[in-house]
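Examining the three-dimensional arrangement
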Amino acid sequence: MSLQRVAAPAAAVGELLAAYRPGSAFFSSADGAVLGEGELTVAHSLDGVADTLAAVTTPDRVRPIAIGAVPFDARSPARLVVPETVRYAVPSEGRGAADNGQARHPLQGQWRIRAVPEPTAHVRAVERGLKLLADATPGTAQLRKLVLARCLRLSRDEPVDVAQLLGNLARRDPHGFTFAVDLPRHTPDHRYDADLPRTLVGASPELLVAKRAGQAVAQPLAGSAPRSADSATDQRRAADLLASAKDRHEHALTVEAVATGLRPFCRQLRVPPEPELVKTATMWHLATRVTGELHDPATSSAELARALHPTPAICGTPTEAARDTITDIEPFDRGFYAGAVGYCDAAGDGEWVVAIRCAEVAGGNIDLFAGGGIVPESDPESELAETSAKLRTLLLALGLDQSL
Ligand SMILES: C=C(O[C@@H]1C=C(C(=O)O)C=C[C@H]1O)C(=O)O
């Protein structure tokens, strides 16, 4: 077994982006970027990360990391790779300049597109969800929030160039969390040839949890509005979102769950009473930054991610009832969409984000996903529009400027 080596810090995030090749693992945040190459060993759950890292840690080995993804249903296997070589980059100056236009390098080719479910069926699914939120079933926990998603299956004859897609995503959302990590080759429904590598690629705005220097940080998002190219309209939408009782309710349920999940690990937890606005190139969101001092500074980011995932931002409240309802209603398997993606080192430091604004790529197939939180005050047509707006993160990075 070879040693995990850490190469000298790269000059810029752009260099690591340029070095990404299929099979490597890339993750970037406002703090910089990490690129893992090769495969020393693999952990199949967040639980297994500490032991896997301990097994490869020796006095002469520099802090190993595990990097990869956990599926939406955490009972299914994750893929968290301990790479042979790890390179880090510090944030670069140029990274602040967002490229809000079309993808600079559109992926050429003729796409076949299939919506699963069809848009009208998604509206009906939301109506069904609303009915479940309104009905109390004796003996079962009352659903308070449910997140329903839809999927766009795109395919073409030529394989998707993941490096190009990753570069486009990083340029459009330079302040987001951009990632490309390989997944287990088999999908539960064996939809693709098992020989095809599968990659999760995306640009998530949502920090599930980060841990560094004995501190835990989470930034749940919930409550959304599409951006507008017209700046007055854009500002009005942001102000309306911040004032919306429905969105604040949806947001509060998520913050409450994240605070409850972190509290047992923290001696001091700060939860701001009011949400703030965050934006991506395509969306406005309500956000709350929750920070805590850990009782035990050695608590690992993987352990914290395990305690928090799945949050009501992508599942619902209460968790199990929402997860079962999602399985019943959604006509596709979420796979790694709405899972978690990130890395953790042997000291437990690391960052995990919610796997949204992402796609699963296998050869010439790319599945895009987007969902939205539903509370009793939600409107089905607006929910459909919200998923269409969220899908634009990936569609624009592919060079497809169309509403689907
Ligand atoms: C589920 C998604 O996004 C989540 C749901 C949100 C909402 O309902 O307002 C906002 C941000 C994310 O937590 C997605 O992008 O697919």
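Conventions adopted
Residues numbered from 1 in each chain as written. Predicted model: local features only at pLDDT ≥ 70, side-chain atom pairs only at ≥ 80, totals over all residues. Heavy atoms only, no water. UniProt positions renumbered as here; feature names shortened; annotations may be inferred. Near = heavy atom within 4 Å. Polar contact = N/O pair within 3.5 Å; in protein donor to acceptor, adjacent residues only side chain to side chain. Areas by Shrake-Rupley, 256 points an atom, 1.4 Å probe, with all protein chains shown as cover. 1 Å grid on protein atoms, 1.4 Å probe; cavity = no way out; pocket = protein on both sides within 12 Å on 5 of 7 lines; lining within 4 Å. Sits in = over half its atoms within 2 Å of the grid points. Helix = DSSP H or I, 4+ residues; strand = E, 2+ residues; numbered from the N terminus. Expected span 1.5 Å × (residues − 1). Bend = angle between axes of the 7 residues up to and from the residue. Buried < 20%, exposed > 50% of the residue type's maximum accessible area, 1.4 Å probe, protein only. Pairing = 2+ DSSP bridges. Axes fitted to C-alpha atoms, helices over the stretch in contact; angles between N-to-C directions. Contact = heavy atoms within 4.5 Å. Parallel < 35°, antiparallel > 145°, perpendicular 65-115°, else oblique. Left-handed = near helix turned anticlockwise from the far one by under 90°. Nonpolar A, V, L, I, M, F, W, Y, C, P; charged D, E, K, R; others polar. Points joined across faces, edges and corners; volume = space filled by probe spheres on them.

Under the annotation held in an unreviewed UniProt entry, the chain carries the name isochorismate synthase and is attributed to Salinactinospora qingdaonensis. Of the comments in the UniProt record for the chain, the one headed Sequence similarities (unreviewed entry) reads "Belongs to the isochorismate synthase family." Under the Catalytic activity (unreviewed entry) heading, UniProt states for the chain: "chorismate = isochorismate".

Moving on: the site of the ligand. For the ligand, the set of nearby residues contains 18 residues, the closest of which are Glu-206, Ser-224, Tyr-337, Arg-357 and Gly-373. Here an oxygen atom of the ligand and a side-chain polar atom of Ser-224 are 2.5 Å apart. Here an oxygen atom of the ligand and a side-chain polar atom of Glu-386 are 3.4 Å apart. Here the ligand has 390 Å² of accessible area as a free molecule, and 100% of this is covered by the chains. The site holding the ligand turns out to be the largest cavity.

On to helix H9 (residues 380-398). With 19 residues, H9 should cover 27 Å at 1.5 Å per step; its first-to-last C-alpha distance of 27 Å lies within 8% of that length. The largest bend in H9 is about 35°, located at Arg-392. In terms of residue burial, H9 counts as a mostly covered element, since 15 of its 19 residues are buried. A positive backbone phi angle near 95° is found at Gly-399, which sits one or two residues after H9.

Moving on to the pairing of strand S11 (residues 198-204). Here S11 lies mainly inside the structure; seven of its seven residues are buried. Pairing analysis gives seven bridges linking strand S10 (residues 177-183) to S11, with the strands arranged antiparallel. Counted as the bridge partner of Asp-182 is Thr-199 from S11. Of the strand pairs in this sheet, S11 and strand S22 (residues 358-362) are connected by five bridges, and their pairing is antiparallel. When the bridges of S22 are listed, Thr-199 appears paired with Val-361.

Strand pairs in the sheet, formed through backbone hydrogen bonds, run parallel or antiparallel to each other. Spatial ordering of the open sheet is given by S4-S6-S5-S20-S21-S12-S13-S18-S15, a layout of nine strands whose pairing is antiparallel. Either end of the sheet is taken by a strand with one partner, and the two such strands are strand S4 (41-43) and strand S15 (266-270). Strand-to-strand twist of the sheet, defined as the mean angle between neighbouring strand axes without regard to direction, takes the value 15°. Along the sheet face, helix H2 (residues 49-56) touches S4, strand S5 (65-70), strand S6 (79-82) and strand S20 (340-345) and points at about 160° away from the line of S4. Packed onto the sheet, helix H7 (residues 301-308) meets strand S12 (207-212), strand S13 (215-219), strand S18 (290-294), S20 and strand S21 (350-354) and runs at close to 155° relative to S12.

One can find Ser-155 in strand S9 (residues 145-155). When sequence neighbours within four positions are dropped, the list of residues in contact with Ser-155 reads Gln-110, Trp-111, Arg-112, Gly-364 and Asn-365.

Looking now at the side chain of His-122. Examined against the element boundaries, His-122 turns out to sit in helix H3 (residues 119-134). Those residues within four positions of His-122 in sequence are excluded, and the remaining contacts are Pro-117, Leu-148, Ala-149, Arg-150, Leu-384 and Thr-387.

Quick look at the packing of H3 against H9 now. Packing of H3 against H9 brings their axes to within 9 Å, and their N-to-C directions diverge by 125°. Between H3 and H9, the angle falls in the class oblique. When the axes of H3 and H9 are compared, the crossing they make is right-handed. On H9, the residues touching Pro-119, His-122, Val-123, Val-126, Glu-127 and Leu-130 of H3 are Pro-380, Glu-381, Glu-383, Leu-384 and Thr-387. Looking at side-chain class alone, the contact of H3 with H9 contains six nonpolar, two polar and three charged residues.

In this approach the atoms are scanned with a rolling probe the size of a water molecule, which exposes any empty space left behind. Per the stated rule, a full pass over the model turns up four cavities of 30 Å³ or more. Each pocket or cavity is described by its volume, and for the largest cavity that value is around 180 Å³. Around the largest cavity, the lining comprises 21 residues; the ones closest to its centre are Ala-313, Ile-356, Arg-357, Gly-371 and Lys-390. Broken down by secondary-structure element, the contributors of at least two residues to the lining of the largest cavity are S9, strand S14 (221-226), strand S23 (365-374) and H9.

Here we take up the sheet that holds strand S17 (residues 283-287). Across the sheet, three strands lie side by side as S14-S17-S16; this open sheet has antiparallel pairing. The open sheet has two edge strands with one neighbour each: S14 and strand S16 (276-279). Strand-to-strand twist in this sheet, taken as the mean axis angle between neighbours without regard to direction, amounts to 30°. Of the strand pairs in this sheet, S14 and S17 are connected by four bridges, and their pairing is antiparallel. Across the sheet, residue Ala-225 finds its bridge partner in S17, namely Trp-284. Relative to the sheet, helix H5 (residues 231-243) contacts S14, S16 and S17, its axis offset from that of S17 by approximately 25°. Contacts between H9 and the sheet are confined to S14 and S17, with S17 contributing the most and set at about 105° to the helix.

What follows deals with the pairing of strand S2 (residues 25-29). Along any regular strand the residues' side chains alternate between the sheet's two faces. Across the five residues that make up S2, a large majority, five, are buried. A two-sided burial pattern is seen for S2, the buried positions comprising Ala-25, Phe-27 and Ser-29 on one face and Phe-26 and Ser-28 on the other. Pairing between S2 and strand S3 (residues 32-37): five bridges, direction antiparallel. In the strand pairing of S3, Ser-29 is matched with Gly-32. Taking the residues that link successive antiparallel strands as the turn, the S2-S3 hairpin has two residues. Looking at chain direction, S2 and S10 are connected through three bridges and run antiparallel. If you follow Phe-26 over to S10, its bridge partner there is Ala-180.

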